[in-house]
Amino acid sequence: MKIAVLPGDGIGPEIVAQAVKVLEALRAEGAKIEMETAPIGGAGYDAAGDPLPEATLALAGAADAVLLGAVGGPQYDALDRPLRPERGLLRIRKELNLFANLRPALLYPELAGASSLKPEVVSGLDLMIVRELTGDVYFGQPRGIEVRNGERVGFNTMLYSESEVRRVAHVAFGIAMKRGKKLCSVEKANVLECSELWKEVMIEVSKDYPEVALSHMYVDNAAMQLIRAPKQFDTMVTGNIFGDILSDAASMLSGSIGMLPSASLDEHNKGMYEPIHGSAPDIAGKNLANPLATILSVAMMYRYTFADLATADRIENAVKKVIAQGLRTGDIWTEGARKVSCSEMGDAVVNALAR
Ligand code: NAD
C-alpha cells in the first residue's frame, strides 16, 4: 500500500505527523505500508513555484491513497490566483478524478456539549454526506463576467451529465448499503432542469439497490431538516454546490471542526483523505491542533481504499477510547477534562491502538 503524504501548510505538518505515527504503529505490526512525503499548497509554491508541483502530482498519481493535511495561509493571499495554495487542492482533486466526496458527521456522546444544538437533537448523530466533487456549477461552461446591455453580468452554468450523476449515485448507494440502507438524494428539481435529471438518474440507479430506501428532498428543506432533526438522515447524496454548503452545516452539528475526516474517491476507490478543516494559521506551529480528524481520515483510508474494515474499526475505536479517557485538545476542551497537545493526543491514540 503506497501512501503519498502531503502535509501542506499551517497545522498540516503537525496533524499529519500524528496520523503518520498511527500508520507507523500499524507498520511495526507487519502492515505493508510505504509512505513518501511531498509538498503541496503554499509549501509547493515555496519549494517549486507551484501549489501542485509536477513531482507531487506524479507521486499522488502513482500512490494507492493520498493523505493530505491542509493548505493555505495569509502569506500566500497576495499571490496570483493560479499560484494560490487552494488551487493546488482543486487541481489534485480534478487530476486524480476524485469525484465522490464522503463527509461523515458523527457525534461522540462525550462531546455533545460542544455542539451548538441541544444534546438531545444531536446525541447519537451518525450521518454520511456524499457530495459530487468534480462537476456542477463550479466547473460548467460557459462561465464569466461580461457586459450585456450596458452593464456587467456574471454567469455560471449548472451542468450534470447522466454519467456523472450515475457514478456518484453508485458510490452513494454502495455506502448506504454498508450503513443504514437509507439514502436521501438532495436537489432542487422543482426549479432546476439539472436537478430534474439528477433525480431521474437516482431513481434509475436505485433499481440496482432494492434494499436501499431512496428518498428525495429539496435542498432548502434539507438545510432546515439538518438543523431541526439531523438524526432522521443516514446517508445523503447531493451535487457539488449543495453538498459544499450542507456538509459544512452538518460538520457543526458535531461541535468541532477538528474531529471530522473526509475522503474523496475515484472510480476505483483510490482516494485522497484529509480533515475537513483548513490550515488554522492562528494556532500553527504551537502543537495545539486537534489531530483526530486526520487520524480518522486514516481510518477512512482503511475502510474505503484498502477495504480493511477491521483496521478502520480499530483506529476509530482507539479515538473513541482517548475521548472516553477525557483527553482533549483545546478546541474540544471543557471543564474537568485533561487538556493535551497535538503530539500528546497522537501518542495517546497510538497507545490506545496497541492490542
Ligand atoms: P480553518 O479551518 O483553518 O480554521 C477555522 C478555525 O478553526 C480556526 O480558529 C482554527 O484555529 C480552528 N481549527 C481548525 N482546525 C483545527 C484543529 N485541527 N484543531 C483545533 N482548531 C482547529 O479555516 P480558516 O481560518 O477559514 O482558513 C485558514 C486557511 O486554511 C485559509 O488559507 C484557507 O484558505 C485554508 N483552508 C484550507 C482548507 C483545506 O486545505 N482543505 C479548507 C479550508 C480552509
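Residues numbered from 1 in each chain as written. Predicted model: local features only at pLDDT ≥ 70, side-chain atom pairs only at ≥ 80, totals over all residues. Heavy atoms only, no water.

## A look at the overall build of the protein chain
(1) Moving on: A count of helices and strands for the protein chain gives 12 helices and 14 strands.
(2) Moving on: In terms of overall size, the protein chain behaves like a compact globule, its C-alpha atoms giving a radius of gyration of 20 Å where 355 residues would be expected to give roughly 20 Å.
(3) Moving on: Based on the C-alpha atoms only, the size of the protein chain along its principal axes is roughly 60 × 50 × 40 Å.
(4) Moving on: When each of the 355 residues of the protein chain is scored for burial, the buried share is 53%.
(5) Moving on: The long-range fraction of contacts in the protein chain, counting pairs at least 24 apart against all pairs at least 6 apart in sequence, stands at 75%.
(6) Moving on: Of the roughly 15,600 Å² of accessible surface on the protein chain, 52% is carried by carbon and sulfur atoms.
(7) Moving on: Looking at the protein chain, you have 37 positive and 45 negative side-chain charges, and the mean spots of the two groups are 4 Å apart. (Helix = DSSP H or I, 4+ residues; strand = E, 2+ residues; numbered from the N terminus. Rg over C-alpha atoms; globule rule 2.2 N^0.38 Å. Buried < 20%, exposed > 50% of the residue type's maximum accessible area, 1.4 Å probe, protein only. Contact = heavy atoms within 4.5 Å. Areas by Shrake-Rupley, 256 points an atom, 1.4 Å probe, with all protein chains shown as cover. Lys, Arg positive; Asp, Glu negative; His and termini not counted. Charge placed at Lys NZ, Arg CZ, Asp CG, Glu CD.)

## Some thoughts on the domain arrangement of the protein chain
A common way to state how big an interface is: give the accessible area lost once the parts meet.
(1) Moving on: Along its sequence, the protein chain is organised into domain 1 (1–99 + 260–355) and domain 2 (116–254).
(2) Moving on: Computed over C-alpha atoms, the centres of domain 1 and domain 2 are 25 Å apart.
(3) Moving on: Across the boundary between the two partners, domain 1 contributes 11 residues, which contact 12 residues of domain 2.
(4) Moving on: Carbon and sulfur atoms supply 68% of the area buried between domain 1 and domain 2, which totals about 1,100 Å² over both sides.
(5) Moving on: It is Lys94, Phe99 and Tyr304 in domain 1 that bury the most area against domain 2; as a group they hold 52% of the surface buried on that side.
(6) Moving on: Summed over the shared surface of domain 1 and domain 2, the result is zero salt bridges.
(7) Moving on: Between domain 1 and domain 2 we count two residue pairs in polar contact (both at pLDDT 80 or more) in total.
(8) Moving on: At the level of elements, α4 (85–95) and α10 (292–304) are the ones that each hand at least two residues to the side of domain 1 that touches domain 2. (Domains from an automatic or database assignment. Buried area = accessible area lost by both parts, 1.4 Å probe. Salt bridge = Lys/Arg side-chain N within 4 Å of Asp/Glu carboxyl O. Polar contact = N/O pair within 3.5 Å; in protein donor to acceptor, adjacent residues only side chain to side chain.)

## Examining the nonpolar core
(1) Moving on: By size, the foremost hydrophobic cluster in this structure holds 64 residues, and its most contacted members are Leu102, Val130, Tyr302 and Ile315.
(2) Moving on: In terms of residue count, the dominant contributor to this core is α10 (nine residues).
(3) Moving on: Three or more residues apiece are contributed to this core by two domains, here domain 1 (1–99 + 260–355) and domain 2 (116–254).
(4) Moving on: Excluding anything up to four places from it in sequence, isoleucine 315 contacts Val22, Leu26, Ile295, Val298, Ala299, Tyr302 and Leu353.
(5) Moving on: Among the nonpolar cores identified, the runner-up in size contains 20 residues, and Leu117, Leu125, Leu127 and Phe233 belong to it. (Core = buried A, V, L, I, M, F, W, Y, C linked by side-chain atoms within 4.5 Å.)

## Comments concerning the packing of aromatic side chains
(1) Moving on: Summed over the entire model, instances satisfying the criterion amount to four aromatic pairs.
(2) Moving on: A centroid spacing of 6.5 Å and a plane angle of 80° characterise the contact between tyrosine 45 and tyrosine 76, whose relative ring orientation is edge-to-face. Pair noted here: tyrosine 45 is in helix α2 (residues 42–48) and tyrosine 76 is in the loop between β3 (65–70) and α4, with a separation of 31 residues, a long-range link.
(3) Moving on: Taking relative accessible area as the criterion, tyrosine 76 reaches 7% and is therefore assigned buried.
(4) Moving on: Where tyrosine 160 meets tryptophan 198, the ring centres are 5.3 Å apart and the plane angle is 55°; that geometry is what we call tilted. Remark: tryptophan 198 occurs in helix α7 (residues 193–206) and tyrosine 160 occurs in the loop between β7 (151–155) and α6 (162–178); sequence separation between them is 38 residues.
(5) Moving on: Residue tyrosine 160 is classed as buried on the basis of its relative accessible area of 9%.
(6) Moving on: Judged by its relative accessible area of 2%, tryptophan 198 is buried.
(7) Moving on: Sitting over the ring of phenylalanine 139, lysine 94 keeps its end group 4.2 Å from the ring centre.
(8) Moving on: Seen from the ring of phenylalanine 99, arginine 167 lies directly overhead, with NZ or CZ sitting 4.1 Å from the centre. (Phe/Tyr/Trp six-rings, centres within 6.5 Å; stacked < 30°, edge-to-face > 60°. Lys NZ or Arg CZ within 6 Å of the ring centre and 35° of its normal.)

## Considering α7
(1) Moving on: In this model α7 runs 20 Å from its N-terminal to its C-terminal C-alpha over 14 residues, within 8% of the 20 Å that 1.5 Å per residue would give.
(2) Moving on: Summarising the contacts, the buried residues of α7 are in contact with β5 (126–132), α6, β8 (182–187), β9 (213–218), β10 (235–238) and α9 (240–253). (Expected span 1.5 Å × (residues − 1).)

## A look at the layout of surface pockets
(1) Moving on: Of the voids in this model, the largest pocket is the one considered here, and its volume is about 570 Å³.
(2) Moving on: Considering the residues around the largest pocket, the lining is formed by 28 residues, among which Leu89, Arg93, Arg103, Arg131 and Ile276 are closest to the centre.
(3) Moving on: Of all elements in the fold, only β3, α4, β4 (100–106), α9 and β12 (271–275) reach the threshold of two or more residues within the lining of the largest pocket.
(4) Moving on: In terms of residue class, the lining of the largest pocket is built from 12 nonpolar, eight polar and eight charged.
(5) Moving on: Two domains each donate at least three residues to the lining of the largest pocket, and these are domain 1 (1–99 + 260–355) and domain 2 (116–254).
(6) Moving on: For the second largest pocket, the lining is made up of 19 residues, of which Leu106, Asp126, Arg179, Arg303 and Glu316 are closest to its centre.
(7) Moving on: Of the residues assigned to the lining of the second largest pocket, the class counts are 12 nonpolar, no polar and seven charged.
(8) Moving on: Both domain 1 (1–99 + 260–355) and domain 2 (116–254) contribute no fewer than three residues apiece to the lining of the second largest pocket. (1 Å grid on protein atoms, 1.4 Å probe; cavity = no way out; pocket = protein on both sides within 12 Å on 5 of 7 lines; lining within 4 Å. Points joined across faces, edges and corners; volume = space filled by probe spheres on them. Nonpolar A, V, L, I, M, F, W, Y, C, P; charged D, E, K, R; others polar.)

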